[in-house]
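# Inside the fold
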2 protein chains.
Amino acid sequence: MQETQRSADVLSEEGSNSAKRRIMSGMRPTGRLHIGHLFGALGQWAQFCKTDEAFFEVADLHALTTAFEHPEQIRHNVVELVLDWLAAGVDPARSAIYVQSHVPEISRLQVLLSMIVPVAWLQRVPTFKDQIEQLGGEIATYGFLGYPLMQLCDIAIVRANTVPVGKDQLSHLEFGREVVRRFNHLYGPTLVEPHGTLSEFPDVDGTDGRKMHKSYGNTIDIADDDRTTEKKVRSMVTDPQKIRRNDPGRPEICPVFSLHELVNGPRVPWIEEHCRSGALGCVDCKSELAERLNASLRPVRERRASLDAAQVDEILADGAQKVRAIAVETLADVQTAMKI
Amino acid sequence: MQETQRSADVLSEEGSNSAKRRIMSGMRPTGRLHIGHLFGALGQWAQFCKTDEAFFEVADLHALTTAFEHPEQIRHNVVELVLDWLAAGVDPARSAIYVQSHVPEISRLQVLLSMIVPVAWLQRVPTFKDQIEQLGGEIATYGFLGYPLMQLCDIAIVRANTVPVGKDQLSHLEFGREVVRRFNHLYGPTLVEPHGTLSEFPDVDGTDGRKMHKSYGNTIDIADDDRTTEKKVRSMVTDPQKIRRNDPGRPEICPVFSLHELVNGPRVPWIEEHCRSGALGCVDCKSELAERLNASLRPVRERRASLDAAQVDEILADGAQKVRAIAVETLADVQTAMKI
């Protein structure tokens, strides 16, 4: 455990402060992020940079578990993803932003930990069977089966004590904690058992009224320009019973209204009232939403546009260096504990 | 494929010779080797050093797949194993002798290849179920399930084209070849498909008449001294019907006779005749065997005694360097092919 101490202030400009949480989170580079991410996880991440030691990983190896047949996009997506993070206020000076495959110690830790993880533990993680049902048996690979183990290695290699989790990831965290306990029981206290911190955000409605999700093609992206946002908002579905301006609308089932709630706070009661009465037509309502969305996204988009791929490369190189300073130590401790 | 070319002469003092086989083999560091190894695989290995590019791996990570609960001995066993190899004539100047865990690229390759290996391929490798039946469900870990994949990575990382295999390992080789073909099909020709070269040696009888095997406690070890060898030979079982000197014996069921065949060539017909007639008593027969064994083991044991752990460390450091020169290239090619 003294190892944690030793590397505790790598990211802390104020010097060692053991009360600080060390947070690790990550995303797969599967494409550009949308406003659901911006108003959800990324807002929380930007906050972590201010209050905690924070590690943010671009999980490119995880992306391979499901995209192994078409990896062409992964490298491009890494850059786009990091641009979105930076645009959203994730601060590379107060966190480590890095690519999973740039930290060899993660794979090495995975192979070592694989020796103590019963196959049955992995098979009973609910997401394993769920995903195979959804995506087909093709993805039932050895790597895919080991997904929760790789997630644990991402966390354990930086000795994070805190992990933001949504409800659907709780089983992965519980699996990871079990593996850490088994390791420490077999070889002595070495790894840090991570705790979860709630990271459940309300779903954001997509342009078609379903949950906003890349795979539905119903997103408004952080990186969209004003015109694209306007076009997408204009094409949004609304209450099907409100056909003409004077028809009364039902805001509670309208995705346009739900986006107003996200970005147009003080005006929401007025909009609700005039939608219900019929006085506010959908065209005007959408125009106002597009304007508000673009206004609130403007600083984010401007920050994004001011950055280039070369800066991202630099940030990722710097992040990998920060992480590896800790990762090399963690791996050495694990090898010592395992007498390897 | 040009990569193979580029690194082809790393081990060849005579310069590049693409017709040369590149052979990879390994052993798990589970304890001292016995004369069965000496007259079997190690003789072949010593030969490979003269005719081929040879890579010999101490498979310490593999040892963890079954010994994860008691790894204390692994590090000590690494040194003992390499001393046995060197004593048997494996030439570190004409091969690469290295420890698996000193080559991080093997684990990294394993995580990458895990993405394209169906779990079902691993589950159907016959040794998986056999071993679980023999050793119990405790060893049904994720690492143990991945054993044949790790073996392939050992082979693929050095781009070996030839692997010595006994019949019980044929299914592993076939699995490995399938994985290579799948990789090359998905991402373009990158990995070398290894071929097997027969490496089937007759079993050597142990002191109790069963096959000589460490786990039976019936071995005569390369590292034993003369007195220990004598004592072990004296305690050997013989034909139970031959109780006194003049009783006729049956050499074909006597393990003492089978060891004579191994080390006492020209004298074997005389021994057979006088055992059958009863003229040769077991005590004299064993004395002669002990003498012959010690005589033929003497140069091997002297070579072993002349080496120390520091030399082994140097040889292993040198071996890791040779291997990593190739491994880093192989991994880079794999990452390029996978667009990671």
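Above this text you will find the structure in question.
Residues numbered from 1 in each chain as written. Chains lettered and ligands numbered in written order. Predicted model: local features only at pLDDT ≥ 70, side-chain atom pairs only at ≥ 80, totals over all residues.

### A word on the environment of serine 101 of chain B
Position of serine 101 of chain B among the secondary structure elements: in the loop between β3 (96-99) and α6 (104-113). The spatial distance from the C-alpha of serine 101 of chain B to the C-alpha of alanine 59 of chain B is 7.8 Å, given a sequence separation of 42 residues. For serine 101 of chain B, the residues in contact, after removing those within four places along its chain, are Ile340 of chain A together with Asp60 and Leu61 of chain B. (Helix = DSSP H or I, 4+ residues; strand = E, 2+ residues; numbered from the N terminus. Contact = placed C-beta atoms within 7 Å.)

### Let's talk about the packing of helix α10 (residues 147-157) of chain B against helix α11 (residues 170-187) of chain B
Angle between the axes and distance between the axes: these two values describe a pair of packed helices. Residues and elements named next belong to chain B. Relative to each other, α10 and α11 sit at 70°, their axes nearing to 9 Å. In terms of orientation, α10 and α11 fall into the roughly perpendicular class. Here α10 and α11 pass one another in a crossing that is right-handed. Contacts between α10 and α11 involve Pro148, Leu149, Gln151, Leu152, Ile155 and Ala156 on the former and, on the latter, His172, Phe175, Gly176, Val179 and Val180. Residues that form the contact of α10 with α11 fall into these classes: eight nonpolar, three polar and no charged. (Axes fitted to C-alpha atoms, helices over the stretch in contact; angles between N-to-C directions. Parallel < 35°, antiparallel > 145°, perpendicular 65-115°, else oblique. Left-handed = near helix turned anticlockwise from the far one by under 90°. Nonpolar A, V, L, I, M, F, W, Y, C, P; charged D, E, K, R; others polar.)

### Notes on the pairing of strand β4 (residues 162-165) of chain A
All names here are of chain A. Pairing of β4 with strand β5 (residues 195-198) involves four bridges; the strand directions are parallel. By the bridge assignment for β5, valine 165 is matched with leucine 198. With helix α11 (residues 170-187) bridging β4 and the parallel β5, this β-α-β connection has right-handed handedness. (Pairing = 2+ DSSP bridges. Right-handed = clockwise from strand over helix to strand, strands pointing away.)

### Some thoughts on the interface of chain B and chain A
Listed per partner, the contact involves 34 residues of chain B and 34 residues of chain A. Those elements that place two or more of their residues in the side of chain B that touches chain A are α4 (60-67), α5 (74-87), α6, α7 (119-123) and α9 (142-145) of chain B. Split into classes, the residues belonging to the side of chain B that touches chain A amount to 20 nonpolar, eight polar and six charged.

### Concerning the relation of the copies chain B and chain A
The two chain copies are related to each other by a rotation about an axis together with a translation along it. Once turned by 180° and shifted 0.0 Å along the axis, chain B lies on chain A with an RMSD of 0.1 Å. When the rotation and shift are considered jointly, the pair of chain copies conforms to a two-fold rotation axis. (Least-squares fit on C-alpha atoms with pLDDT ≥ 70 in both.)

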